[in-house]
Amino acid sequence: MKNKGAATTRKKITDQTNALATRPKSETERKAEGFKPILVEAEKMFERLAEFTTETAHKAFEFFQRRGGRLGHELEDWYRAESEVLLPVMVDVTETDDRINVRAAVPGFKPDDIEVSVKDDILILSGETESRDKREDENTVLSEWRSNRFFRQLRLPSEVDPERVAAKLKDGVLQLTLPKVPEHEAKQVPVKTA
């Protein structure tokens, strides 16, 4: 009887421990330990870049048409459209012997809003927050609201290990630590006669 009770108690403790381990962490817990970036396949990120580029082109064409289709200001139209489609993200990339550190300014974004993709020496950062409501019955005369999305692709100075990427988000600054893949030294291969 005593063993049966101990086994039941052990099972309850194990079940409670498993439940705690599998429950989603609170935002406070994630902030305390940093967060693991949501790693997304590079192909999916490139598709997203194509969508942003298409959206920017359509918006730039709208600005061109509003100006009466006069040539000479296409670059201004593109930059204005790009600023409405995507937020600019300023980055700082530093390197040591064994890792690359990236700091990116992403104010207003939470860890769950950010996706990171790493493949070989390409780093892609993407994020999106909930969008604001648009009123269909009003025409916008002036809008200084910025986009709620960003997308940034960087070529890193060397190949990194995507399995060991660490990320922290603090005060609107995303800090990534990307361990480098050790370089393989050239190996001399002896040639034998056939």
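Before reading further, recall that the structure is shown in the block above.
Anyway, here's the lowdown on the structure attached to this text.

Reading the values: the criteria
- Residues numbered from 1 in each chain as written.
- Predicted model: local features only at pLDDT ≥ 70, side-chain atom pairs only at ≥ 80, totals over all residues.
- Heavy atoms only, no water.
- Phe/Tyr/Trp six-rings, centres within 6.5 Å; stacked < 30°, edge-to-face > 60°.
- Helix = DSSP H or I, 4+ residues; strand = E, 2+ residues; numbered from the N terminus.
- Buried < 20%, exposed > 50% of the residue type's maximum accessible area, 1.4 Å probe, protein only.
- Polar contact = N/O pair within 3.5 Å; in protein donor to acceptor, adjacent residues only side chain to side chain.
- Contact = heavy atoms within 4.5 Å.
- Pairing = 2+ DSSP bridges.
- Salt bridge = Lys/Arg side-chain N within 4 Å of Asp/Glu carboxyl O.

1. Digging into the packing of aromatic side chains
Consideration 1: Enumeration according to the criterion identifies 2 aromatic pairs in this entry.
Consideration 2: Pairing Phe109 with Phe150 gives two aromatic rings, centres 4.9 Å apart and planes at 90°, and the pair type is edge-to-face. In this pair, Phe109 sits in the loop between strand E3 (99-105) and strand E4 (114-119) while Phe150 sits in strand E6 (residues 149-155), placing the two residues 41 residues apart along the sequence.
Consideration 3: By relative accessible area, Phe109 is classed as buried at 8%.

2. Digging into the side chain of Arg67
Consideration 1: Counting through the fold element by element, Arg67 comes out in the loop between helix H3 (42-66) and helix H4 (74-85).
Consideration 2: For Arg67, a relative accessible area of 18% gives the class buried.
Consideration 3: For Arg67, the side chain forms a polar contact with the main-chain oxygen of Arg70, separated by 2.9 Å.
Consideration 4: Once residues within four sequence positions are removed from consideration, Arg67 is found in contact with His73, Glu74 and Asp77.

3. With respect to the pairing of strand E8 (residues 173-179)
Consideration 1: One ladder, built from 7 bridges, connects E3 with E8; its direction is antiparallel. Paired with Arg103 across the strands is Gln175, a residue of E8.
Consideration 2: Two strands pair when backbone bridges link them, and strand E7 (residues 166-170) and E8 are joined in this way by 5 bridges, in the antiparallel orientation. Along E8, the bridge assignment pairs Leu169 with Leu174.
Consideration 3: Taking the residues between adjacent antiparallel strands as the criterion, E7 and E8 are bridged by 2 residues, where Asp171 takes a positive phi near 50°.

4. A look at the pattern of salt bridges
Pairing is possible between side chains that carry opposite charge, provided their charged atoms lie close to one another.
Consideration 1: Scanning all chains against the criterion turns up 8 salt bridges.
Consideration 2: Residue Arg67 is joined to Asp77 by a salt bridge in which the shortest nitrogen-to-oxygen separation is 2.6 Å. Of the two residues, Arg67 sits in the loop between H3 and H4 while Asp77 sits in helix H4, which places them 10 residues apart along the sequence.
Consideration 3: By relative accessible area, which is 6% here, Asp77 ends up buried.

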